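# Structure assessment
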Amino acid sequence: MKTINVNVDHVTRVEGHGNIVVNVKEGKIEECKWEVVEAPRFFEAFVRGRTYLEVSHITSRICGICSIGHTLCSLQATEAALGVKISEQTRLLRRILIQGENLQSHVLHSYFLAAPDFVGAPSVFPLVKTHPDVVVRALRMKKLANDLCDVFGGRTVHPITPTVNGFTKLPEVKEIKDIRKRLADATPDLEATLELFKSLKIPAFERETEYISLKSKEEYALYDGVIASTDAGTTPVSNYRNWTNEYLVPHSTAKYAKNVRDSYMVGALARFNNNHGQLSAGAKKAAAALGLKAPCYNPFMNTAVQVVEAVHAVEESIRLIDEVLDKGLKEEDRRILLKAGRGVGAVDVPRGILFHDYTYDKNGICREANCIIPTNQNHANIQKDMEALLPQILDQPQDEIRLKLEMLVRAYDPCISCSTHLLKVKFV
Amino acid sequence: MCQCNDPAGKIVIIGVGNLLLKDEGVGVHVAQELQKKSLPSAVKVHDGGLAGIGLLDFFPGASKVLLIDAAEMNLEAGAVVRFTPEEVAGKVSGPRFSAHDIGLLEVLDLAGALGQCPPEVVIFGIQPKEISWGTELSPEVQASISKVTEAVLREIAHVAPNASCKVVAKTNTQGA
């Protein structure tokens, strides 16, 4: 009988410290754990005592990948607390921004962090030599997404123009038209991306779970809507605590979440399962080409859905930009009346649904805050997937088992401890 | 190519780090300090924050890039060391490509592999004291900001105040 020891201390290409621990003795699984080690983030401490105008800028620093999502979610929560109803123009511009962030993040994850697994490379570096055209294409798409965010958010990351009840600076018509042209010209890159990911072999594995995302009657929801579950229907975002049910487990320091079942999944695959009918025409074709059909219960396909959403992001951005150009932009009165209150914001960011919840006093000072990030909502589901996957691959060599488990974790695109990139230099 | 009044060309200064992890964000604090100063127009200062691979966007047209970041160097808190990527080659530990985004040296490696690395790159590393969730710098690292700022200003002292930079084409070739 087989004995296996897999102990991946710090899964590579995953932010923060995530460990995989597997012990199999004489064919019997004794241990199979997804351990998450991170310091508590104390979101509340960052924003308590700050004014309503500061909070979104602080929370945008939580993460470099989801800085736009945190900004928009934070603004939503603040506006809900203060009773501010934003204009259609503001909502339109924010919906373009969230598409830009989805494109930025999905290109990065699918090309740089997930694709190396499928071609047996340890990282993107060997691909620079073997597939330079692919790496250059990925960077070109990333730059397009960055510039889209720059036009509508004032910076490529940590946006500066979105503020409570509007924007401090509106984009110029010329730069909007320029970026629209570049988005339209991106079709060959999107097609090449699709061809690449069609050729990659995604592991066959299925485990049905609960899928939670935003849902909107109007569109494939990223910016706003209600919370939707494949098991439980829909509920308003203000009810998020009753659906996330955060709890602690002994082997991890991060909080876990569950709703109807032992675990649920958020992210691209959850959005696809809930909202696939609202994808753009090109994205629907891309999904079909990648063999995606809802409901899809294979978590490895999360990366494929990211590619589909990249196509959607480009097509949807063009559609929304045309709406902007058609209606024109005008300076708006951003003044608000301060009042005490509590508000919840929810945005579906690249890794899944994100919640911010603030309470302000009558002077617009934040007194209480809560933030639930997508990755923490996925931890329990990663654990359950591992428990289901391991028995199915026990006959494979140990290195293959290790790789499959690592690939599973990476498919979720987790962000465990946003985001320290400290250099460690030993001078001799 | 970059056509500048000054032979040094466009100089790009980028402070990176996470403002919410105390001393880890010192690079951004330095960038914000430099943005308050009157600098030659050929010098561009960016708050790179957590841009990761997005830092590549700042490189085109630059003849020199100055990066400011917290660095664990086993020195006294607040110590400032100027080094080049070549000088620390093989001396950098920690998991490569560990993040879902990538680190500073990985960005430079990638730029180099693609033939997009600026001709000259200098890093100012600042020894942190405390890296944990919070927005305040330790007193030692707070005190280092003026040291780094002065060092950066010395680094660009040769650039004429009215030097401007006109990028007429991308400076770098793509792919290898």
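Described in the following lines is the structure provided in the data block. In this convention, every chain numbers its residues from 1, walking through the sequence in written order. For this description, chains carry letters from A and ligands carry numbers from 1, given in the order in which they are written. Local features in this predicted model are restricted to residues whose pLDDT is 70 or higher, and side-chain atom pairs enter the listing and the counts only when it is 80 or higher, whereas totals over whole chains, interfaces and linings include all residues. Side-chain metrics in this entry use all non-hydrogen atoms of the structure; hydrogen atoms and water are not considered.

### Some thoughts on the overall build of chain A
Looking only at helices and strands, chain A has 14 helices and 13 strands in total. The C-alpha radius of gyration of chain A comes to 21 Å, within 12% of the 22 Å expected for a compact globule of 428 residues. Reported as C-alpha extents along the three principal axes, the dimensions of chain A are approximately 70 × 60 × 45 Å. Any two residues having at least one pair of non-hydrogen atoms within 4.5 Å are treated as being in contact. Long-range pairs, those at least 24 residues apart, make up 71% of the contacts in chain A between residues at least 6 apart in sequence. Residue-level accessible areas treat just the shown protein chains as cover; the underlying method is Shrake-Rupley with a 1.4 Å probe. In the form shown here, chain A has an accessible surface area of approximately 16300 Å², with 53% of it arising from carbon and sulfur atoms. Averaged over its 54 positive side-chain charges, chain A has a centre that lies 2 Å from the centre of its 52 negative ones. To qualify as a helix, a DSSP run of H or I must reach at least 4 residues; to qualify as a strand, a run of E must reach at least 2; elements of each kind are numbered from the N terminus. Restricting the calculation to C-alpha atoms gives the radius of gyration, and the globule rule supplies 2.2 Å times the number of residues raised to the power 0.38. Positive residues here are Lys and Arg, negative ones are Asp and Glu, while His and the chain termini are left out of the count. By convention, the point assigned to a charge is CZ for Arg, NZ for Lys, CD for Glu and CG for Asp.

### Overview of the packing of aromatic side chains
Residue and element names in this part refer to chain A. When two rings of Phe, Tyr or Trp (its six-membered ring) have centres within 6.5 Å they constitute a pair, described as stacked for plane angles under 30 degrees, edge-to-face for angles over 60, and tilted for the intermediate range. On inspection of all chains with the given rule, the structure shows seven aromatic pairs over all chains. Each ring, one from Phe205 and one from Phe300, has its centre 6.4 Å from the other, and the planes form 85°; the classification is edge-to-face. With Phe205 in the loop between helix 8 (187–199) and strand 6 (210–215) and Phe300 in the loop between helix 11 (281–289) and helix 12 (302–327), the pair connects residues that are 95 residues apart, well separated along the chain. Take Phe205: its relative accessible area is 3%, and that puts it in the buried class. Judged by centre distance (5.1 Å) and plane angle (25°), the rings of Tyr240 and Phe355 are stacked. With Tyr240 in helix 9 (residues 240–244) and Phe355 in strand 11 (residues 352–360), the pair connects residues that are 115 residues apart, well separated along the chain. Exposure remark for Tyr240: the relative accessible area of 1% places this residue in the buried category. Three labels apply to residues, based on accessible area from a 1.4 Å probe with only protein chains included: buried if under 20% of the type maximum, exposed if over 50%, partly exposed otherwise in between. Accessibility expressed as a relative area gives 2% for Phe355, which makes it buried. Lying across the ring of Tyr247, Lys258 places its NZ or CZ 5.2 Å from the centre. Note on criteria: charge over ring means Lys NZ or Arg CZ within 6 Å of the ring centre, with the direction from the centre no more than 35 degrees off the ring normal.

### Things to note about the environment of Phe118 of chain A
Residues and elements named next belong to chain A. Tracing the sequence through the fold places Phe118 in helix 4 (residues 88–118). The class for Phe118 is buried, based on a relative accessible area of 18%. The sequence separation of Phe118 and Met407 amounts to 289 residues, and the corresponding C-alpha distance is 9.0 Å. What Phe118 contacts, discounting residues up to four positions off in sequence, is Leu200, Lys201, Ile202, Pro203 and Met407.

### Observations concerning the pairing of strand 2 (residues 10–16) of chain B
Residues and elements named next belong to chain B. Across the seven residues of strand 2, seven count as buried, placing the element largely inside the fold. Here strand 2 shows no split at all, with Lys10, Val12, Ile14 and Val16 on one side and Ile11, Ile13 and Gly15 on the other all buried. At least two DSSP bridges between two strands are required for those strands to pair. Of the pairings in the sheet, the one linking strand 2 to strand 3 (residues 43–49) comprises six bridges and is parallel in character. Among the inter-strand pairings, Val16 is bridged to a residue of strand 3, identified as Gly49. Look down the strands so they point away from you; if the path from the first strand over the helix to the second goes clockwise, the crossover is right-handed. Following the chain from strand 2 across helix 1 (residues 26–35) to the adjacent parallel strand 3, one finds a crossover that is right-handed.

### Considering the pairing of strand 6 of chain A
Residues and elements named next belong to chain A. The buried fraction of strand 6 amounts to five of the six residues, a majority that puts the element mostly inside the structure. Relative to strand 9 (residues 264–265), strand 6 is paired through two bridges, and the arrangement is parallel. Each residue of the ladder has a partner; that of Tyr211, found in strand 9, is Met265. Of the strand pairs in this sheet, strand 6 and strand 7 (residues 226–229) are connected by four bridges, and their pairing is antiparallel.

### Regarding the sheet that holds strand 11 of chain A
All names here are of chain A. A sheet is described by the order of its strands in space; here three strands give the open sequence 10-11-12, paired in antiparallel fashion. Each edge of the open sheet carries a strand with a single partner, namely strand 10 (341–349) and strand 12 (366–372). Averaged over all adjacent pairs, the angle separating strand axes in this sheet is 15°, with direction ignored. Alignment of strand 11 against strand 12, held across six bridges, turns out to be antiparallel. The partner of His356 across the bridge, within strand 12, is Cys371. Axis definition: a line fitted to C-alpha atoms, limited for helices to the stretch in contact. Angles are taken between N-to-C directions and run from 0 to 180 degrees. On top of the sheet, helix 3 (residues 67–82) reaches strand 10, strand 11 and strand 12; it is set at about 155° to strand 10, its chief contact. Of the strands in this sheet, strand 10, strand 11 and strand 12 are in contact with helix 13 (residues 374–393), which crosses strand 11 at around 130°.

### Description of the pattern of salt bridges
All names here are of chain A. When a carboxyl oxygen of Asp or Glu lies within 4 Å of a side-chain nitrogen of Lys or Arg, that pair is called a salt bridge. Scanning all chains against the criterion turns up 43 salt bridges over all chains. With a closest N to O distance of 2.7 Å, Glu316 and Arg319 form a salt bridge. Highlighted residues: Glu316 and Arg319, both in helix 12, separated by three residues, approximately one helical turn. We classify Glu316 as buried; its relative accessible area is 8%. Judged by relative accessible area, which is 41%, Arg319 ranks as partly exposed. Between Glu406 and Arg410 there is a salt bridge, and its shortest N-O distance comes to 3.4 Å. You can see Glu406 and its partner Arg410 sitting in helix 14 (residues 398–411), four residues apart, about one turn around the helix. There is no split in this pair, since Glu406 and Arg410 are both buried.

### Let's talk about the sheet that holds strand 6 of chain A
Residue and element names in this part refer to chain A. As summarised here, the arrangement of the four strands in space is 8-7-6-9, forming an open sheet in which the pairing is mixed. Looking at which strands have only one partner, the edges of the open sheet turn out to be strand 8 (233–235) and strand 9. Strand contacts of helix 10 (residues 268–275): strand 6, strand 7 and strand 9, with the helix running at about 75° to strand 6, the strand carrying the most contacts.

### Considering the packing of helix 7 (residues 173–184) of chain A against helix 12 of chain A
Residues and elements named next belong to chain A. In contact at an axis separation of 10 Å, helix 7 and helix 12 are set at 150° when each is read in the N-to-C sense. Taken together, the axes of helix 7 and helix 12 lie roughly antiparallel to each other. Between helix 7 and helix 12 the crossing geometry is left-handed. Residues Val173, Ile176, Lys177, Ile179, Arg180, Leu183 and Ala184 of helix 7 touch helix 12, and the partners they reach there are Val314, Ser317, Ile318, Ile321, Asp322, Val324 and Leu325. Gly is put with the polar residues, along with every residue not named as nonpolar or charged; the nonpolar set is Ala, Val, Leu, Ile, Met, Phe, Trp, Tyr, Cys and Pro, and the charged set is Asp, Glu, Lys and Arg. Of the residues that constitute the contact of helix 7 with helix 12, the class distribution is ten nonpolar, one polar and three charged. Here is the rule for angles: anything less than 35 degrees is roughly parallel, anything more than 145 is roughly antiparallel, 65 through 115 is roughly perpendicular, and the remaining ranges are oblique. Crossings are assigned a handedness: left-handed for a near helix turned anticlockwise from the far helix by less than a right angle, right-handed for a clockwise turn.

Coordinates in, geometry out; function isn't part of it.
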